[in-house]
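Residues per chain are reported as follows:
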Amino acid sequence: MIEVRELSKTYRDRRKALLHAVEGASFRCEPGRVFGLIGPNGAGKTTALRIISTALRPTSGHAVVAGFDTQREPARVRASIGFLTANVGLYGRLTPREVLRFFGELHGMSRPDIASRTSELSRAFQMDDFLDRACDKLSLGMRQKTNIARSLIHSPPVIILDEPTAGLDVLTSRGIVEFIRESRAEGKTVLLSTHIMSEVERLCDGLAIIHEGRIRFRGTVEELKQRHGADLEDAFVGALGDEPC
Amino acid sequence: MLRNIWTIYRKELIDTLRDRKTLIFMLLLPTVLAPALMFGLSNFAISFVKKQATQEVIIAASAEARDRYVALAHRQFLESSLGKTLKMSRTGVVSYLIGKSASNDLEEQVPAAIFGDAVAYRDWTTGLARRMEDMAREGKGSDFGGKALGGAANASPADTELAKSMAQGVADFYTVSLRGVGLVRFVGEEEIGDGVLQEGDVLPESLVVHERGTAIYTALKARRIHGYLEVVPGGGSEATTTIRLFHDETIPLSREASSRVEKVGRLAGEAIVAERARERKLPAGFLEPVRMERGTNIASQSQVALSALGGMIPYLVLTFAFLGGLYPAIDLGAGEKERNTLETLLLSPATRTEIALGKFLLIFTTSMSAALLGIASMAVSFLHLMPDFVLERLDIRIDIYTALCAGALAIPPAAAFAGLLLAISIYARTFKEAQSYLSPLPIVMVLPASAGLIPGLEINAGLAMVPLVNVSLLSRDVLKGDLHWGYYSLTVLSCLLFAAACVALCVFMFKRESVVFRG
């Protein structure tokens, strides 16, 4: 489960002026559900996800992931999440097997556990053919599969995805969508940040719309449509003008 | 904690070792090729200078000036120790050695060959050298003298010894001649023709007043001659003779001509003074009232060499260490940011400190490896590329204990470099930005690292606290066998503190959100 309460992140720009990347954001993601954090570019989605995954510290507010407070037990939080973005890189000179072993070891897994989990993930994502090929030599689809496997090597209960299909072709995107569905089916908590409305409609059990750092809508897709119209895209644009909630 | 640091270190090591660019451009090129080039170039420079010393120089002079000069050269030669040796050896041995000469009178023959016709001189010396080589090849045991004497089977032991000493004498003579006054070809002053000044040419004052100034200037500039000689005798028998050689210091052979003529003038002057002193039966002390005794230096040849060259070794080691860490630091910091792999690592259970230390250790490893590889490569290049006579003269000897004491001093600076380079690299947004931040650093690093090259600068308590300067100065002292444990301890302490500060800065940078997510 992910629980975010009154989360804020403030920066100072070069002129020392305050910039509110996230301001008083609150939402809750339950296990076995996909929660969408939706917003236009620069809305504060990535900042919020970075705070939840402990990469950034909040200026105020709290986030609890899998029962661990992000500020008090950041290492445990990181051990509980699998983080995936579309533009995340891979170590080009390592093979997918070595990448999985590296992250498995960082998660404190034993060599035999890593080996058996690698076989399991390789079967699940059809990675056998390229498991020992340098990542630099892999196609985009293969790299994305490797990245998914990397984020799942330690079987995390929480999956955080930051625009995971941005810039990917249809086939690779479908693979990601399938992966999200399977994670939900396995009872994992999935937090998905995206601005692709079709994905939101197909995947999200609940969502929050964020704009200029503040949450403008919190509810389900149906509730959003009821409030702002049947077309999801129109509803999304309409919600951007709502008062922060 | 250690497990995560080790995991990160091992992954970075595999990644770096597979990066051919790092291996070739940051490790192999500077550490292997650079010393090879350095000593190869030195060897080439030495050969070039030696070759220049054996090259013929062309000097224009009037017949009168040439005769006066040859007479002076003749006198200085006969007064030299070699001239005396040859004068005393009035045997057929020398005559045989120098070829099928009709004359056994060395006083006439040798100087004529040297100072007369250049072609004859060259043939003569070439013949001598070749004969000497033959003798060395053939000459074994008591048969040496016999063969040297043209196959005489009944050569006496005295002949053998004489042949040996003459062979040595010829070798010495050959060397002295080539380094000194030999190989001057005189041409008549009429051969320089009439010169015409080009636009922008400005005659020096000494030639403006000379009646053939323009011709001399243009002939020198066109390299048709390397010098124009004038010898003006003084009024009386004991008046000063003036030698004047117009030459161009910017042209190597012209400079060489000046050096040869100057040497003849100086030695001839000394020879004449010695002769006059003998004629007047002046005591030896008249010419040499004070003599500085030689051979009183208590330092070994190796220590003297290391005292002069020892500063170069820490300078190069520090440079290799710095360069060895440079590219990996950029790759592991800014490179990871650019490839979007850093965030994934930051979201693993490893703490920022563990990530920073794992990466730091890898850069420290490449830095130390480069230093060790560089020094090994320098040693091998030095032993194989420097000419034998240079090696014999320097006679550098460093024992294992000294090498370890000096080598240990490179460890803290390498750690400091690794910490500093990574701290700057992680601050940069991109690989290119990191390169532009780090490119000026070698210049900053060179100044303190070259402290050991400053003559007369000795380590003291104050300097022992200045990082890099202390390592440079102390390593030089340690290498020449002058190990002061007080300064050594201070140096190690200050360098460790500096290294710790650099590593702490690196960890601090990794913990800063504004740094790792900069851009």
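Fair warning: this is a prediction, and the values are worked out from it, not measured in the lab.

> Before we move on, could you go through the overall build of chain A and cite the residues and values that matter?
The helix and strand tally for chain A stands at nine helices and ten strands. Relative to its length of 245 residues, chain A is compact, with a C-alpha radius of gyration of 18 Å against a globular reference of 18 Å. Across chain A, the fraction of contacts at a sequence separation of at least 24, relative to all contacts at a separation of at least 6, is 66%. For chain A, the accessible surface area stands at approximately 10,800 Å², while carbon and sulfur atoms represent 47% of it. If you average the places of the 35 positive and of the 32 negative side-chain charges in chain A, the two averages end up 6 Å apart.

> Talk me through the overall build of chain B; I want residue IDs and the actual numbers.
The secondary structure content of chain B amounts to 25 helices and four strands. The burial tally for chain B puts 45% of its 519 residues in the buried class. Sequence-distant contacts in chain B: of pairs separated by 6 or more residues, those separated by 24 or more amount to 72%. Put simply, chain B shows about 26,400 Å² of open surface, and 62% of that area lies on carbon and sulfur atoms.

> For the confidence of the model for chain B, give the residues involved together with the corresponding values.
Residues and elements named next belong to chain B. Confidence along chain B averages 77 in pLDDT terms, with 78% of residues attaining 70 or more. Note that residues 85-109 has pLDDT below 50 and, in this model, 40 contacts with residues that lie over four places away or in other chains. The ipTM assigned to the predicted complex is 0.88, against a pTM of 0.73.

> Go over the pattern of salt bridges with me, naming the residues and quoting the values.
Tallied over the entire structure, the rule returns 36 salt bridges over all chains. Its salt-bridge partner being Arg-28 of chain A, residue Glu-3 of chain A comes within 3.3 Å of it at the nearest N-O pair. With Glu-3 of chain A in strand β1 (residues 2-12) and Arg-28 of chain A in strand β2 (residues 18-29), the pair connects residues that are 25 residues apart, well separated along the chain. Residue Glu-12 of chain B is joined to Lys-11 of chain B by a salt bridge in which the shortest nitrogen-to-oxygen separation is 3.1 Å. The same class applies to Glu-12 of chain B as to Lys-11 of chain B, namely buried. Residues participating in the shared-partner salt-bridge network are Arg-93 of chain A together with Lys-11, Glu-12, Asp-15, Asp-19, Asp-331, Glu-336, Arg-339 and Lys-359 of chain B.

> For unusual backbone geometry, give the residues involved together with the corresponding values.
Phi is positive for Ala-66 of chain A, which is not a glycine, with a value near 50°. Relative to the assigned elements, Ala-66 of chain A resides in the loop between β4 (60-65) and β5 (68-69). In this structure Ala-66 of chain A comes out as partly exposed when scored by relative accessible area, which is 27%. Residue Lys-281 of chain B is not a glycine yet carries a positive backbone phi of 55°. Examined against the element boundaries, Lys-281 of chain B turns out to sit in the loop between α12 (252-279) and α13 (284-287).

> Can you break down the nonpolar core residue by residue, with the values?
With 152 residues, the main nonpolar core has Ile-52 and Leu-191 of chain A as its most contacted residues. Sort the elements by how many residues they give to this core and helix α15 (residues 312-338) of chain B lands first, with 13 residues. Residues in contact with Leu-191 of chain A, not counting those within four places in the same chain, are Ile-2, Phe-27, Cys-29, Phe-35, Leu-37, Leu-49, Ile-52, Ile-159, Ile-160 and Leu-161 of chain A. Listed in part, the 18 residues of the second largest apolar core include Val-57, Ile-59, Leu-72 and Ile-272 of chain B.

> Which residues make up the interface of chain A and chain B, and what values do they have?
The partner chain B presents 28 residues to the 30 residues of chain A that form the contact. Between chain A and chain B, roughly 2,700 Å² of surface is buried when both sides are summed, and carbon and sulfur atoms account for 52% of that area. In this assembly, chain A and chain B are joined by seven salt bridges. Of the charged contacts in the structure, one is a salt bridge between Glu-105 of chain A and Arg-10 of chain B, with a shortest N-O distance of 2.5 Å. For the side of chain A that touches chain B, the elements supplying multiple residues, two or more each, are α2 (74-80) and α3 (96-106) of chain A. Here the side of chain A that touches chain B gets five residues from one element, more than from any other, and that element is α3 of chain A. Of the residues contributing to the side of chain A that touches chain B, the split by class is 13 nonpolar, seven polar and ten charged.

> Which residues make up the pairing of β1 of chain A, and what values do they have?
All names here are of chain A. As defined by bridge partners, β1 adjoins β2 across eight bridges and the pair is classed as antiparallel. Bridging from a neighbouring strand, Glu-3 pairs with Arg-28 of β2. Counted along the chain from β1 to the antiparallel partner β2, the turn is five residues long, and its residue Lys-16 has a positive phi close to 70°. Judged from the five bridges that link them, β1 and β4 form a sheet pairing that is antiparallel. Residue pairing across strands places Ser-8 opposite Ser-60, the latter belonging to β4.

> Help me get a handle on the environment of Gly-265 of chain B, residues and values and all.
With respect to the secondary-structure elements, Gly-265 of chain B resides in helix α12. Taking the C-alpha atoms as reference points, Gly-265 of chain B and Lys-337 of chain B, separated by 72 residues in sequence, lie 71 Å from one another.

> Mind laying out the environment of Glu-212 of chain A, listing which residues take part and the relevant values?
Residues and elements named next belong to chain A. Within the secondary structure layout, Glu-212 lies in the loop between β9 (206-211) and β10 (214-219). Since its relative accessible area comes to 54%, Glu-212 is described here as exposed. Among all residues touching Glu-212, those that are not within four sequence positions of it are His-20 and Ala-43.

> Could you give an account of the packing of aromatic side chains, with specific residues and numbers?
Counted by the stated rule, this structure contains twelve aromatic pairs over all chains. Where Phe-360 of chain B meets Phe-364 of chain B, the ring centres are 6.1 Å apart and the plane angle is 15°; that geometry is what we call stacked. Of this pair, Phe-360 of chain B and Phe-364 of chain B both sit in helix α17 (residues 352-385), four residues apart, which is roughly one turn of that helix. A relative accessible area of 9% means that Phe-360 of chain B is categorised as buried. Among the aromatic residues, those joined into a ring-pair cluster are Tyr-91, Phe-102 and Phe-103 of chain A.

> Can you lay out the sheet that holds strand β6 (residues 81-85) of chain A for me, pointing to particular residues and giving the numbers?
Residue and element names in this part refer to chain A. Spatial strand order, β6-β7-β8-β3-β9-β10: six strands in an open sheet with mixed pairing. Here the strands that pair on one side only, and so sit at the sheet edges, are β6 and β10. For this sheet, the mean inter-axis angle between neighbouring strands, taken without regard to orientation, is 15°. Two strands pair when backbone bridges link them, and strand β3 (residues 34-38) and strand β8 (residues 189-194) are joined in this way by five bridges, in the parallel orientation. Paired with Leu-37 across the two strands is Ser-193, which belongs to β8.

> Quick one: what's the story with the sheet that holds β1 of chain A, residue by residue and with numbers?
All names here are of chain A. Strand order in the open sheet formed by four strands is β2-β1-β4-β5, and the pairing between neighbours is antiparallel. Looking at strand neighbours, the two that pair on one side only are β2 and β5, the edges of this open sheet. Here helix α1 (residues 45-52) sits on the sheet in contact with β1, β2 and β4, set at roughly 115° to β1.

Analysis parameters
- Residues numbered from 1 in each chain as written.
- Chains lettered and ligands numbered in written order.
- Predicted model: local features only at pLDDT ≥ 70, side-chain atom pairs only at ≥ 80, totals over all residues.
- Heavy atoms only, no water.
- Helix = DSSP H or I, 4+ residues; strand = E, 2+ residues; numbered from the N terminus.
- Rg over C-alpha atoms; globule rule 2.2 N^0.38 Å.
- Contact = heavy atoms within 4.5 Å.
- Areas by Shrake-Rupley, 256 points an atom, 1.4 Å probe, with all protein chains shown as cover.
- Lys, Arg positive; Asp, Glu negative; His and termini not counted.
- Charge placed at Lys NZ, Arg CZ, Asp CG, Glu CD.
- Buried < 20%, exposed > 50% of the residue type's maximum accessible area, 1.4 Å probe, protein only.
- pLDDT = per-residue confidence, 0-100.
- Salt bridge = Lys/Arg side-chain N within 4 Å of Asp/Glu carboxyl O.
- Core = buried A, V, L, I, M, F, W, Y, C linked by side-chain atoms within 4.5 Å.
- Buried area = accessible area lost by both parts, 1.4 Å probe.
- Nonpolar A, V, L, I, M, F, W, Y, C, P; charged D, E, K, R; others polar.
- Pairing = 2+ DSSP bridges.
- Phe/Tyr/Trp six-rings, centres within 6.5 Å; stacked < 30°, edge-to-face > 60°.
- Axes fitted to C-alpha atoms, helices over the stretch in contact; angles between N-to-C directions.

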